[in-house]
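Structural features, examined
What follows is each chain in one-letter form.
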Amino acid sequence: MIDLHLHFDGSLLPRTILELAGEQRLPLPADEPDELKLFLTAPEDCGSLNEYLEKFSLPVSCMQSAATLTEAARGLAHELAVQGLIYAEIRFAPQLHQQKGLTQKQVIAAVLQGLWQAKREVPLLKTNLILCCMRGTDNEKANEETVRLAAEFLKGDNSNASGTLDTCHAKVRTVDLAGAEALFPTRDFSALFALARKLDVPFTIHAGEAAGAESIEAALSFGARRLGHGVRVIESPKLLDEIIERQIPLELCMTSNRQTKALPESMNYPLLYLLRKGALVTVNTDNMTVSGTTIAHEFAALRAMGMTAQEEKQLFANGIKAAFLPETEKEKLREAIHAVY
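In this report, the structure presented in the accompanying data block is examined. (Residues numbered from 1 in each chain as written. Predicted model: local features only at pLDDT ≥ 70, side-chain atom pairs only at ≥ 80, totals over all residues. Heavy atoms only, no water.)

**Observations concerning the sheet that holds strand β7 (residues 250-252)**
- Strand order across the open sheet formed by 4 strands is β5-β6-β7-β8, with parallel pairing between neighbours. Looking at strand neighbours, the two that pair on one side only are β5 (204-207) and β8 (281-283), the edges of this open sheet. For this sheet, the mean inter-axis angle between neighbouring strands, taken without regard to orientation, is 30°.
- Strand direction decides the pairing type here: strand β6 (residues 226-229) and β7, joined by 2 bridges, are parallel. Along β7, the bridge assignment pairs G228 with E251.
- Packing against the sheet, helix α14 (residues 309-322) makes contact with β6 and β8, and its axis sits at approximately 105° to β8. (Pairing = 2+ DSSP bridges. Helix = DSSP H or I, 4+ residues; strand = E, 2+ residues; numbered from the N terminus. Axes fitted to C-alpha atoms, helices over the stretch in contact; angles between N-to-C directions. Contact = heavy atoms within 4.5 Å.)

Quick look at the structure:
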């Protein structure tokens, strides 16, 4: 299985957070995994994306050193391998992990180190990184630095611990824009993505989750290669036709979208409808812990909604097609998927 939209800080297991906090003697609101989970998972009556995003502050506070970032990344990769994933694009915002003096570059390097360690231990899983810029106030300089660092890593600083490039190891592949979409409109970030285009940094953008068609239109006008969520394309038949014609991948996250009220509660989740219309949709978790889900759970829910075996295979193929990978590596994933399924 494949997950292309997986947030690092929203997917750590409660036991991992307990271990990280214990090593640093950080106070937590609970000292047992089941109890702590209540503080990390969005409630069933979650009212909005903004309420959902409040669950990120605790895991982020536990990952403010190189050692904790490395340990957390290694642990997450192990969990994904246990769940049967063969490929994941893990995204996070380096600027959120600078509270104790790390530079963004040190943050990125620490996470890569954890993923490299995991690759030696769980070789069937391949991971890559997406660096998130953040919506908000006073983020301009930090976001610009994130884009410039992505360009730097893409041009050759994706080296492993020995200083040499290795195609098996995790790399920085692209950038993203995350955060409170309704409060900070996508259209306000045109300069940031003009820089990304200038530096040849590919990008996906969270759009069409807490805001509608106008957010998706802005993301496409900037040159986004994929749309994070993008589910609200359903509101515009004209825009949907464009998405289908251009085969812009949609990183759909069903459980998360329901929690954040991206669509009216009375509406059936449209993933299968979009798939049957010809849209290049993919299945993702968004945040395994915050949403209380796994990629297996997402597929099980789709089967309950009437997904056929052939459609399941198509969704696997879509995930490979949409991945930020060269074609040679996509072919390896196809072989791995074929061997398992």
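Still more to cover.
**Examining α14**
- The end-to-end C-alpha separation of α14 is 20 Å, in line with the 20 Å expected for 14 residues at 1.5 Å each.
- Turning to α14, its buried residues are E311, E312, L315, F316, N318, G319, I320 and A322.
- Among the structural elements, β1 (2-7), β6, α12 (271-277), β8, α13 (295-304) and α15 (327-340) are those in contact with the buried residues of α14. (Expected span 1.5 Å × (residues − 1). Buried < 20%, exposed > 50% of the residue type's maximum accessible area, 1.4 Å probe, protein only.)

**Things to note about the pairing of β1**
- For β1, the buried fraction is high: 6 of the 6 residues fall into the buried class.
- As judged from the 4 bridges shared by β1 and strand β2 (residues 87-92), these two strands associate in the parallel manner. For L6, the partnering residue across the bridge sits in β2 and is I90.

**Structural notes on the environment of P27**
- By the secondary structure assignment, P27 is in the loop between α1 (14-24) and α2 (33-40).
- Separated by 35 residues in the primary sequence, P27 and C62 place their C-alpha atoms 9.9 Å from one another.

**Thoughts on α15**
- Helix length check: α15, at 14 residues, gives a terminal C-alpha distance of 20 Å against a target of 20 Å (1.5 Å per residue), a fit within 8%.
- Along α15, the residues that are buried comprise E329, K330, L333 and I337. Along the axis of α15, the buried positions cluster into a sector of 100°, meaning they face one direction only. Residues of α15 that are exposed and point more than 90 degrees away from the buried face comprise T328, K332, E335, H338 and A339.
- Looking at the buried residues of α15, the elements they touch are β2, β3 (126-134), β4 (172-178) and α14. (Arc of directions from axis to C-beta.)

**Structural notes on the side chain of R173**
- Here R173 lies in strand β4.
- Setting aside residues up to four positions removed in sequence, R173 forms contacts with N128, L129, L154, P202, F324, L325, P326 and E329.

**Thoughts on the sheet that holds β3**
- Strand order in the open sheet formed by 4 strands is β1-β2-β3-β4, and the pairing between neighbours is parallel. Since the sheet does not close on itself, it has two edges, and those belong to β1 and β4, each with one partner. For this sheet, the mean angle separating the axes of adjacent strands, direction not counted, is 25°.

**Observations concerning the pairing of β5**
- Across the two faces of β5 the burial is the same, with T204 and H206 and I205 and A207 all buried.
- Here 4 bridges tie β5 to β6, and the two strands are oriented parallel to one another. Looking at the pairing, A207 lines up with H229 of β6.
- Regarding the hand of the β-α-β motif, the stretch spanning β5, helix α9 (residues 213-222) and β6 is right-handed. (Right-handed = clockwise from strand over helix to strand, strands pointing away.)

**Focus on the packing of aromatic side chains**
- The final tally for this structure, using the stated rule, is 5 aromatic pairs.
- For the ring pair F193 and F203, a centre distance of 4.6 Å and an interplane angle of 40° mean the geometry is tilted. On the criterion of sequence distance, the pair formed by F193 in helix α8 (residues 190-198) and F203 in the loop between α8 and β5 is long-range, its members being 10 residues apart.
- Of the residues examined, F193 reaches a relative accessible area of 0% and is grouped as buried.
- On the numbers, 5.2 Å between centres and 45° between planes, the contact of F299 with F316 is tilted. Pair noted here: F299 is in helix α13 and F316 is in helix α14, with a separation of 17 residues, a long-range link.
- On the basis of relative accessibility, which here comes to 2%, the residue F299 falls in the buried class. (Phe/Tyr/Trp six-rings, centres within 6.5 Å; stacked < 30°, edge-to-face > 60°.)

In short, shape yes, function no, at least from these values alone.
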